[in-house]
Each structure stands twice: as C-alpha cells, then as structure tokens.
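Fold and contact review
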Amino acid sequence: MERTQYKQEINMTEALMNRINELISHYPEGKQKSALLPVLHEVQDAHNDWLSIELQDKVAEILAIKPVEVYEVVSFYTMFNRRPVGKYMFEFCQTSPCCLNGVEDLMDYTCNKLGVKVGEPTQDGLFEVRGVECLGACGYAPMMQLGDFYKEHLTKDKVNQLIEDCKNNTIMLHDK
Ligand code: FES
C-alpha cells in the first residue's frame, strides 16, 4: 500500500487501548477480527478523524490480522478517512430525494461560502464538504451529517448558522 504524503502522530493511549481491549472482549477467543469496525472508529476518533497507513498497520497488529484486511475495510467505507480532513465535515446526502429537495444548490452555496471545492478542506483545516449516499433520513430532505448528528430540512440560513456555530466552537460533534 502506498504511503501518503501526510504524516500522522500515532498515539495509542492507555485509555484508547483499554477501550479497544474492551471491544475485542465482546467477541469469542480467536475472533478478534470481528471488532475491526468499532476499533477503527475508536482509533480514528482519537486521531483527528483520519487513519494513515501506519495507523492502519497498528490496528492490524493489535487485532493480529493482515494489514491488507484493514486497508480493504478503510478504503471501502466513506466514514473512514485516509487523509487529514476538515474538522467540521459537512456530509450532504446526494441521493434522489435530497437532490429533488435542492441539496445540490445547498452544496454549491456552502462550497462558495467556504471557498472550497467538494472534497477539499478549507486552508485553516476547519471545514470540508463531501457528498455521500442516502443517510436514511429521506423524509427530512435535504439533509447532511455533521459529526454524529443529522442536520435536517436544510436551508441556506441553516447552513449559515451551522458555519457560524462551528467557527464559534459551539457545536457538538459527538454524542459521547
Ligand atoms: S435521500 Fe437523502 S437521506 Fe435518503
């Protein structure tokens, strides 16, 4: 697997390792690979929301599996990031019901306001806009995910408010 240009400090703290071991303990002896998804979430959350190859190798080592088994999972799911991402990731749903309710206009509006293209972080590393598949909240279209939360029935005014809240650090990203 190609190493990226981005360097990441790996910090497997005692608290993180305790959490990982607790997750592994939910599965039978020898089936620690089954903990891969929740372990990756924990490790990513503890490392600024992204997983370098070196960090993926570390996860493979902890779970005693081949590195490629981790690479396959990380590259398949959009919820795992393989490069540094904006702290506030606006993940707009781009499936039909959200599109029919104007999500593409909202994405354009958000990108223009932030001065970025889809998939590139702002220069200060604070924001990023991404398009994702249906998030299962079609009745609340147009919507996006921000951290662990859904932001629904979006309008330009709501996007403006979200950006302000993020800049002021008054928004919650995680529910734990
Ligand atoms: S189409 Fe957007 S949440 Fe389902």
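Below or above, wherever it landed, is the structure these notes cover. (Residues numbered from 1 in each chain as written. Predicted model: local features only at pLDDT ≥ 70, side-chain atom pairs only at ≥ 80, totals over all residues. Heavy atoms only, no water.)

1. Considerations on the packing of helix α6 (residues 103-114) against helix α7 (residues 156-167)
Following both chains from N to C, one finds α6 and α7 inclined at 35°, their axes separated by 10 Å at the closest point. Crossing of α6 over α7 shows right-handed handedness. Touching L106, Y109, T110, K113 and L114 of α6 are K156, V159, N160 and I163, all from α7. Here the residues of the contact of α6 with α7 are counted per class, giving five nonpolar, two polar and two charged. (Axes fitted to C-alpha atoms, helices over the stretch in contact; angles between N-to-C directions. Helix = DSSP H or I, 4+ residues; strand = E, 2+ residues; numbered from the N terminus. Left-handed = near helix turned anticlockwise from the far one by under 90°. Contact = heavy atoms within 4.5 Å. Nonpolar A, V, L, I, M, F, W, Y, C, P; charged D, E, K, R; others polar.)

2. With respect to the packing of aromatic side chains
On inspection of all chains with the given rule, the structure shows five aromatic pairs. A centroid spacing of 5.8 Å and a plane angle of 80° characterise the contact between F90 and F127, whose relative ring orientation is edge-to-face. On the criterion of sequence distance, the pair formed by F90 in strand β1 (residues 88-93) and F127 in strand β2 (residues 127-132) is long-range, its members being 37 residues apart. Under the relative-accessibility criterion, F127 is labelled buried at 2%. One aromatic cluster is present, built from ring pairs that chain together F76, Y77 and F80. (Phe/Tyr/Trp six-rings, centres within 6.5 Å; stacked < 30°, edge-to-face > 60°. Buried < 20%, exposed > 50% of the residue type's maximum accessible area, 1.4 Å probe, protein only.)

3. Quick look at the pairing of β1
Successive residues of a regular strand alternate their side chains across the two faces of the sheet. The element β1 is largely enclosed, with a buried count of six among its six residues. Burial along β1 is two-sided: the residues Y88, F90 and F92 and M89, E91 and C93 are all buried. By the bridge criterion, six bridges tie β1 to β2 in an arrangement that is parallel. The residue of β2 that forms the bridge with E91 is R130. The pairing of β1 with strand β3 (residues 144-146) spans two bridges and is antiparallel. If you follow E91 over to β3, its bridge partner there is Q145. (Pairing = 2+ DSSP bridges.)

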